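Each chain is listed here by its residues.
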Amino acid sequence: PQRSGSNVFANFDQQQFQEFKEAFKIIDQDRDGFISEKDLKDMWASLGIIQDDKFSADMVKVSPGQINFTALLTFMGEKLSDTDPEDVLHNSFACFDVQNTGYITQA
């Protein structure tokens, strides 16, 4: 759950904070404290996905400056502020998953 406040760190609970911290460490491939185009390209490659330079450059352009951990949290906070809580999403999905299979089929 998000909490109000100007401090970006206060917008996430401890579990979310730890998950973002772990994700940042995975993305920051060269461990310099910033996410660069090369970091993104290397991270995708480590997952077996080859992305071109333009893809990584476009991702980095989203930020007005260098992407450090605080910038990532700020970005994620902005993106997550317009989403529903997880339980609401699960309940909505369950309405369409009438056979409780974990899948929604096209009618």
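For clarity, every value in this text was computed on a predicted model and none was experimentally measured.

(A) Summary view of the side chain of Asp39. Note on placement: Asp39 falls in helix α2 (residues 37–46). A distance of 3.2 Å separates a polar atom in the side chain of Asp39 from the backbone nitrogen of Asp30. Leave out the neighbours within four places in its chain, and Asp39 touches Ile27, Asp28, Gln29, Asp30, Asp32 and Phe34.

(B) Looking closely at the nonpolar core. With 14 residues, the main nonpolar core has Ile35, Leu40, Phe69 and Leu73 as its most contacted residues. Of all the secondary structure elements, the ones that give two or more residues to this core are α1 (14–27), α2 and α4 (69–80). When residues of this core are assigned to their parent elements, the largest contribution, 4 residues, is made by α1.

(C) The confidence of the model for the chain, seen in detail. The pLDDT averaged across the chain works out to 86; a share of 93% of its residues lies at or above 70. Helix α5 (residues 86–96) is the least confidently modelled element of the chain, averaging 86 in pLDDT, while α1 averages 94, the highest of any element. Contacts for the low-pLDDT stretch residues 1–5, under 50 throughout, to residues beyond four places or in other chains number 14 contacts.

(D) Spotlight on the packing of aromatic side chains. On inspection of all chains with the given rule, the structure shows 4 aromatic pairs. For the ring pair Phe12 and Phe20, a centre distance of 5.1 Å and an interplane angle of 70° mean the geometry is edge-to-face. Look at Phe24 and Phe69: their rings are 5.7 Å apart centre to centre, the planes differ by 75°, and that puts the pair in the edge-to-face class. In this pair, Phe24 sits in helix α1 while Phe69 sits in helix α4, placing the two residues 45 residues apart along the sequence. Side by side, Phe24 and Phe69 carry an identical accessibility label, which is buried. An aromatic cluster is present here, built from Phe17, Phe24 and Phe69 joined pairwise through their rings.

(E) Region of interest: a nonpolar patch on the surface. A surface patch of nonpolar side chains, amounting to about 310 Å² of accessible area, comprises Phe93, Phe96 and Ile104. Relative to the assigned elements, Phe93 resides in helix α5. Owing to a relative accessible area of 34%, Phe93 belongs among the partly exposed residues under this scheme.

Calculation criteria
- Residues numbered from 1 in each chain as written.
- Predicted model: local features only at pLDDT ≥ 70, side-chain atom pairs only at ≥ 80, totals over all residues.
- Heavy atoms only, no water.
- Helix = DSSP H or I, 4+ residues; strand = E, 2+ residues; numbered from the N terminus.
- Polar contact = N/O pair within 3.5 Å; in protein donor to acceptor, adjacent residues only side chain to side chain.
- Contact = heavy atoms within 4.5 Å.
- Core = buried A, V, L, I, M, F, W, Y, C linked by side-chain atoms within 4.5 Å.
- Buried < 20%, exposed > 50% of the residue type's maximum accessible area, 1.4 Å probe, protein only.
- pLDDT = per-residue confidence, 0-100.
- Phe/Tyr/Trp six-rings, centres within 6.5 Å; stacked < 30°, edge-to-face > 60°.
- Patch = residues over 30% accessible without salt bridge, like charges linked within 9 Å, V, L, I, M, F, W, Y side chains within 5 Å.
- Areas by Shrake-Rupley, 256 points an atom, 1.4 Å probe, with all protein chains shown as cover.
- Salt bridge = Lys/Arg side-chain N within 4 Å of Asp/Glu carboxyl O.

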